[in-house]
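# Examining the three-dimensional arrangement
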Amino acid sequence: MKLKVAILTTLLTGCSATLRPDPSPVAADSNYPTAEFYVQGKMFQGLGEVSITRGMPLSDIKLEVQGYYQGIIHVDSAICGVSTSWSYADSQRISIPLQGHADQSCLIDVVVSVVYPKRSLNEQLTYEFKGQLLIKVLDLGQAWVGYSTKLGQGKDAKIDVLVKTKNTTRVAFRGCNIGYDKEVQVVNDSIAVSFNEVAPATAEKRCSLEGFVKPTYPYSTPTRISWRVWRYDEKFIPLALPYVTIGEYGHLEVTGEPVVSVVALDEVFKIGSSAEFYFTEDQPHTLRLLTIKGRSVVCLYTPPISKDWACLN
Amino acid sequence: MPQLGDHMIELLLSSSKGGWSGVASFAILLGVLAVLYYKRQQASQKMADDKNAERQHAAGVKNTEDNKADEINLKKAENDIEEVLKGGN
């Protein structure tokens, strides 16, 4: 009898795939940005950075934000003078027009609100993908490196900064209520800086550190450093990387965590936690996995440079 | 205890034995159930849509506020480090 009832229920509810529940905390609320955006063609997931020379038009920065299905992309920066929403459809990548000239560094915050296909929703609440781009304004000839880190609670992060000296170098950072200033020995043309050493006591969840390295001898100009560190909540776990294989007849088989709702290869989006796609090994591809809580994995396949998937989560 | 599914199966079985009234009853019952299910789905989907739209708006507002705070912190850090560079301290 149970079987008969099950058959009837199936007939009544239809067979369409639905989004999967994700028990994880919401990524955006957990201080874990996951929006996918591109600056001068380079992909970033969540946090990104780019520099521009003072006085140059901001339109020189080609910022594009990736949408999924249809929805709204909201972009904000008080300093760079942008606060606008754009509607998108068909999983478009929206080009964000920046106006004016580079005068002060700014942070462009991005929110991607996805409207999933109606039939897949199954009454579930869905959540945004957030991101932030640092636009660093430099005077002509200034050297700069930018880093961003999504850091788990109780964890440490390190950056390696290249330095043009074999001796010692001065390293200083400000921001996030810290004042770090130290002479360090250069090893293999670089210095390693640890976040917990630079900002050991900070309780800030989003740190914008600005600093420099300046060789003490021989004299040389400083290299400026921007380092954004976002500490995400203890209970939040980034989405696991998918299991990807090339099956028979050149098909790509992708299996994500059971909580994954969308698997997409390039422009082909499929509802579910696993999917198969037609795949060409000699062409570049982008693979995406999304959950309704805004967790995501984005993988790039870039032959002939590499035939491995480079993934960010 | 007999359940709705049992009744439907009985109706289905009776219709298969040639009773046209059974077929009609079954079709009507199925139709009514489909309409009820569709209406319920629509109502709860609208509720979810409204909640999602409300949250999207709130996320936009929060984005603007977060941006202001972050840009103030960035500007302060930049000013402070430039002072250090100028002063040599």
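For the structure given in this document, a descriptive report is provided here. (Residues numbered from 1 in each chain as written. Chains lettered and ligands numbered in written order. Predicted model: local features only at pLDDT ≥ 70, side-chain atom pairs only at ≥ 80, totals over all residues. Heavy atoms only, no water.)

## Describing the overall build of chain B
Quick reminder of the rule: To qualify as a helix, a DSSP run of H or I must reach at least 4 residues; to qualify as a strand, a run of E must reach at least 2; elements of each kind are numbered from the N terminus. Note on areas: Shrake-Rupley, 1.4 Å probe, and residue coverage restricted to the protein chains presented here.
Looking only at helices and strands, one finds two helices and zero strands in chain B. Here chain B displays about 6000 Å² of accessible surface, and carbon together with sulfur accounts for 64% of that area.

## A look at the interface of chain B and chain A
So the rule is basically this: Whether two residues touch is decided by their heavy atoms; if any such pair falls within 4.5 Å, the residues are in contact. Here the buried area means the combined drop in accessible surface, using a 1.4 Å probe, for two parts upon being joined, counting both sides. Note on definitions: salt bridges are taken to be side-chain nitrogens of Lys or Arg within 4 Å of carboxyl oxygens of Asp or Glu. Here a polar contact is taken to be a pair of N or O atoms separated by no more than 3.5 Å, where protein atoms must pair a possible hydrogen donor with a possible acceptor and residues adjacent in sequence count only if both atoms sit in side chains.
Taken together, the contact pairs 37 residues of chain B with 52 residues of chain A. Here chain B packs against chain A, burying approximately 3700 Å² in sum over the two surfaces, 55% of which is carbon and sulfur. It is B:Asn63, B:Glu71 and B:Leu74 in chain B that bury the most area against chain A; as a group they hold 16% of the surface buried on that side. Applying the counting criterion to the chain B and chain A interface returns five salt bridges. Counting across the chain B and chain A interface gives 17 residue pairs in polar contact (both at pLDDT 80 or more).

## Thoughts on the sheet that holds strand E19 (residues 262-265) of chain A
All names here are of chain A. Convention followed: Any two strands with at least two DSSP-identified bridges between them are counted as paired. Orientation is described by lines fitted to C-alpha atoms, with helices fitted over the stretch in contact, and by angles between N-to-C directions that extend from 0 to 180 degrees.
The strand order E20-E19-E22-E23-E24 describes an open sheet built from five strands, whose pairing is antiparallel. Either end of the sheet is taken by a strand with one partner, and the two such strands are strand E20 (268-271) and strand E24 (309-312). Strand after strand, the sheet turns through a mean of 15 degrees between neighbouring axes, direction not considered. Summarising the sheet, E19 and E20 pair through four bridges and their orientation is antiparallel. Bridge pairing in E20 links Ala-264 to Phe-269.

## A short note on the sheet that holds strand E18 (residues 251-255) of chain A
All names here are of chain A. If you trace the three strands from one edge of the open sheet to the other, you get E17-E18-E21, paired in antiparallel fashion. At either end of the open sheet lies a strand with only one pairing partner, and these are strand E17 (243-246) and strand E21 (274-278). On average, each strand axis in the sheet is inclined to that of its neighbour by 15 degrees, with strand direction left out of account. Sheet topology note: the E17/E18 ladder contains four bridges and is antiparallel. Looking across to E18, one finds that Tyr-243 is bridged to Thr-255.

## Description of the environment of A:Gln92
All names here are of chain A. Relative to the elements of secondary structure, Gln-92 occurs in the loop between strand E6 (82-88) and strand E7 (93-96). Remark: the alpha-carbon pair of Gln-92 and Tyr-68, spanning 24 residues in sequence, is separated by 7.0 Å. Those residues in contact with Gln-92 that lie beyond four places of it in its chain are Val-65, Gln-66 and Gly-67. Among the polar contacts made by the side chain of Gln-92, one reaches the main-chain amide nitrogen of Ala-89 at a distance of 3.1 Å.

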